[in-house]
Amino acid sequence: MSSGISAPLPRAIQLMPGIIAPLPTFFLPESEDLDLDALEKHVVFLARAGVRPLLAGTMGEGLHLAHGERTKIIQSARKALDAAAFWDTPLIVGAGGGSTRETVVLCEEIAAAGANAAIVITPGYFAGVLANHRRALKDFFVEVAERSPVPVMIYNYPAASGGIDLDSDLIIELAMACPNLCGVKLTCNNLGKLTRIAATVTDPSFLKMHPRKNFPNIPFLVLGGYADTIVSSTFVHGHGAITGLANLAPRALVKLFESSVTATKQQPSQLVEAQELQSIIARADFTIAKASISGTKFLIHQLYGYGGLPRKPLPPIDPEDANRLWQHPHVQELVKTERELSG
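Novice: What is the right way to read the overall build of the chain from this model?
Specialist: When helices and strands are counted, the chain shows 14 helices and eight strands. What you see for the chain is a C-alpha radius of gyration of 19 Å, in line with the 20 Å of a compact globule of 343 residues. By principal-axis analysis of the C-alpha atoms, the chain measures approximately 55 × 50 × 45 Å. Per-residue burial for the chain yields a buried fraction of 53% across its 343 residues. In the chain, of all internal contacts separated by at least 6 residues, the share reaching a separation of at least 24 is 74%. For the chain, the accessible surface area stands at approximately 14,900 Å², while carbon and sulfur atoms represent 55% of it. Within the chain, the 32 negative side-chain charges are centred at a point lying 4 Å from the centre of the 30 positive side-chain charges.

Structure follows, in structure tokens:
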């Protein structure tokens, strides 16, 4: 069943290799209402650094958002990007629901609000059944992809989906069967899996036999879910990363990806630069990830003056932990690098 929404679809914008930031959703203190001003500032800040946005994902507390709130953040982000002349910056939006039916409705709603693509996580509440039911898992993504009015990205994140971990064979099968699937985010952080998928989908014969629906010359994107394997994944034909660290150091992440891509083209000096930057980013990514959403929001506030708290029941970061996080040498090394790159 569809939602009955018949609004015109957003203009088609290509999803290209690179760095994507899953934005936090910002909330006003006390009321926990949406802080759309902070969202608009942040999405334009990232776009100016060359980073594309993902809204209402895990970092964006998509599970804590009402359907109408998701619509508001999409519309606000699109308005801010267009006002800053970033008309060709695509909006990827989380649309994972507990059932196939709800997921399709979410895809329709975000498309009507202006999203250019959906990212969909495997439903994990009934993981005890689904984890061992390969046909049900495949059918879920096939039906969602066929019924979604915008391209769909697979989101493989076992820790947030009851431990369900889609293997490389199933993801490749889905990429072959569903031209409206535009890629996969691998937050399982399995470099071997990424290598196998990328080796298949970047083969010229795959692109010719299995073109994507709206952009036949654009590959099925294979993206890591962390910042610590960008160099490695680029050398096995990965297409970049969707990483929360890009909210804090967007220029450093873009520089790392661009240096890695250049290094694959037989330019050894760029590989040395990429390796050095990867070391800084990998250390910071590990340290900051342990502080979760509240830690990232705290650091955004320290760096850029907005951030706020997560929605309850997620707790704020403890003040002592926040101070230790800010002063941690891995964090300060990243901050120094980002400031040097931003001038």
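Novice: What am I meant to see in the environment of Phe215 here?
Specialist: With respect to the element layout, Phe215 can be found in the loop between helix H8 (204-209) and strand S7 (221-224). Measuring from C-alpha to C-alpha, the distance between Phe215 and Gln14 comes to 7.0 Å, with 201 residues separating the pair along the chain. Excluding anything up to four places from it in sequence, Phe215 contacts Ala12, Ile13 and Gln14.

Novice: Looking at this structure, how should I read the packing of helix H12 (residues 292-304) against helix H13 (residues 319-327)?
Specialist: Helix-helix packing is characterised by the crossing angle of the two axes and by the distance between the axes. In the contact formed by H12 and H13, the axes pass within 10 Å of each other and the chain directions differ by 60°. You can see that H12 and H13 cross each other, and the crossing is right-handed. On the side of H12, the interface is formed by Gly295, Phe298, Leu299, Gln302 and Leu303, while H13 contributes Ala322, Leu325 and Trp326. Looking at side-chain class alone, the contact of H12 with H13 contains six nonpolar, two polar and no charged residues.

Novice: Please explain a nonpolar patch on the surface as it appears in this structure.
Specialist: Among the surface-exposed residues, Tyr125, Phe126 and Val129 lie close enough to one another that they form a single nonpolar patch of about 430 Å² accessible area. With respect to the secondary-structure elements, Val129 resides in helix H4 (residues 127-130). Of the residues examined, Val129 reaches a relative accessible area of 55% and is grouped as exposed.

Novice: It is not clear to me how helix H11 (residues 268-289) should be interpreted in this structure. Could you clarify?
Specialist: Residue pairs spaced three or four apart in an α-helix point in one direction, given the helix's 3.6 residues per turn. Counted at 1.5 Å a residue, the expected span for H11 with its 22 residues is 32 Å, and the 31 Å between its end C-alpha atoms agrees. Turning to H11, its buried residues number three or more, namely Ala274, Leu277, Gln278, Ile280, Ile281, Ala284, Asp285, Thr287 and Ile288. The inward-facing, buried residues of H11 contact helix H9 (230-235), helix H10 (250-263), H12, H13 and helix H14 (329-342).

Novice: I would appreciate a short explanation of the state of the cysteines in the present structure.
Specialist: Evaluated as defined, the whole model comprises zero disulfides. Cysteine Cys178 is unpaired, with the sulfur of Cys182 as its nearest cysteine sulfur at 12 Å. Left without a disulfide partner, Cys182 is nearest to the cysteine sulfur of Cys107, which lies 11 Å away.

Novice: Where do I start with H13 in this structure?
Specialist: Restricting attention to buried positions, one finds in H13 the residues Ala322, Leu325 and Trp326. What you see down the axis of H13 is that its buried residues fit within an arc of 95°, all on one side. Exposed residues on H13 whose side chains face more than 90 degrees from its buried face are Glu320 and Gln327. Tucked into the core, H13 has its buried residues touching H11, H12 and H14. A side-chain oxygen of the first residue of H13 lies 3.0 Å from the backbone nitrogen of Glu320; this N-cap is Asp318.

Novice: I would appreciate a short explanation of unusual backbone geometry in the present structure.
Specialist: Most peptide bonds take the trans form, and the phi angle of most residues other than glycine is negative. Pro313 follows Lys312 through a cis peptide bond whose omega is 15°. Within the element layout of this structure, Pro313 appears in the loop between H12 and H13. Not every positive phi belongs to a glycine, and Asn189 is a case in point at roughly 55°. As for its placement among the helices and strands, Asn189 is situated in the loop between strand S6 (181-186) and helix H7 (191-201).

Novice: Sorry if this is basic, but what is going on with the packing of aromatic side chains here?
Specialist: Remark: the centre distance and the inter-plane angle together describe each pair of aromatic rings, the angle taken between the planes. The full count for this structure, using the stated rule, is five aromatic pairs. Ring geometry for Phe140 and Phe141: centres 4.9 Å apart, planes at 75°, overall edge-to-face. Take Phe140: its relative accessible area is 7%, and that puts it in the buried class. Look at Phe141 and you get buried, because its relative accessible area is 1%.

Novice: Sorry if this is basic, but what is going on with the side chain of Thr287 here?
Specialist: Within the secondary structure, Thr287 is located in helix H11. On the basis of relative accessibility, which here comes to 9%, the residue Thr287 falls in the buried class. Among the polar contacts listed, one links the side chain of Thr287 to the backbone oxygen of Arg283, at a separation of 3.1 Å. If we skip the residues at most four places from it in the chain, Thr287 touches Leu325, His328, His330 and Val331.

Novice: Mind showing me how you'd approach the pattern of salt bridges here?
Specialist: A pair can form between side chains of opposite charge whenever their charged atoms are brought close. Inspection of every chain in the model, using the stated rule, returns 15 salt bridges. Between Arg134 and Asp167 there is a salt bridge, with the nearest N and O atoms lying 3.2 Å from each other. Highlighted residues: Arg134 in helix H5 (residues 134-147) and Asp167 in the loop between strand S5 (152-156) and helix H6 (168-177), separated in sequence by 33 residues. By relative accessible area, which is 35% here, Arg134 ends up partly exposed. Owing to a relative accessible area of 33%, Asp167 belongs among the partly exposed residues under this scheme. Among the ionic pairs, Arg251 bridges to Glu338, the shortest N-O distance being 3.9 Å. On the criterion of sequence distance, the pair formed by Arg251 in helix H10 and Glu338 in helix H14 is long-range, its members being 87 residues apart. With relative accessibility at 26%, the residue Arg251 sits in the partly exposed group.

Reading the values: the criteria
- Residues numbered from 1 in each chain as written.
- Predicted model: local features only at pLDDT ≥ 70, side-chain atom pairs only at ≥ 80, totals over all residues.
- Heavy atoms only, no water.
- Helix = DSSP H or I, 4+ residues; strand = E, 2+ residues; numbered from the N terminus.
- Rg over C-alpha atoms; globule rule 2.2 N^0.38 Å.
- Buried < 20%, exposed > 50% of the residue type's maximum accessible area, 1.4 Å probe, protein only.
- Contact = heavy atoms within 4.5 Å.
- Areas by Shrake-Rupley, 256 points an atom, 1.4 Å probe, with all protein chains shown as cover.
- Lys, Arg positive; Asp, Glu negative; His and termini not counted.
- Charge placed at Lys NZ, Arg CZ, Asp CG, Glu CD.
- Axes fitted to C-alpha atoms, helices over the stretch in contact; angles between N-to-C directions.
- Left-handed = near helix turned anticlockwise from the far one by under 90°.
- Nonpolar A, V, L, I, M, F, W, Y, C, P; charged D, E, K, R; others polar.
- Patch = residues over 30% accessible without salt bridge, like charges linked within 9 Å, V, L, I, M, F, W, Y side chains within 5 Å.
- Salt bridge = Lys/Arg side-chain N within 4 Å of Asp/Glu carboxyl O.
- Expected span 1.5 Å × (residues − 1).
- Disulfide = S-S within 2.5 Å.
- Arc of directions from axis to C-beta.
- Polar contact = N/O pair within 3.5 Å; in protein donor to acceptor, adjacent residues only side chain to side chain.
- Phe/Tyr/Trp six-rings, centres within 6.5 Å; stacked < 30°, edge-to-face > 60°.

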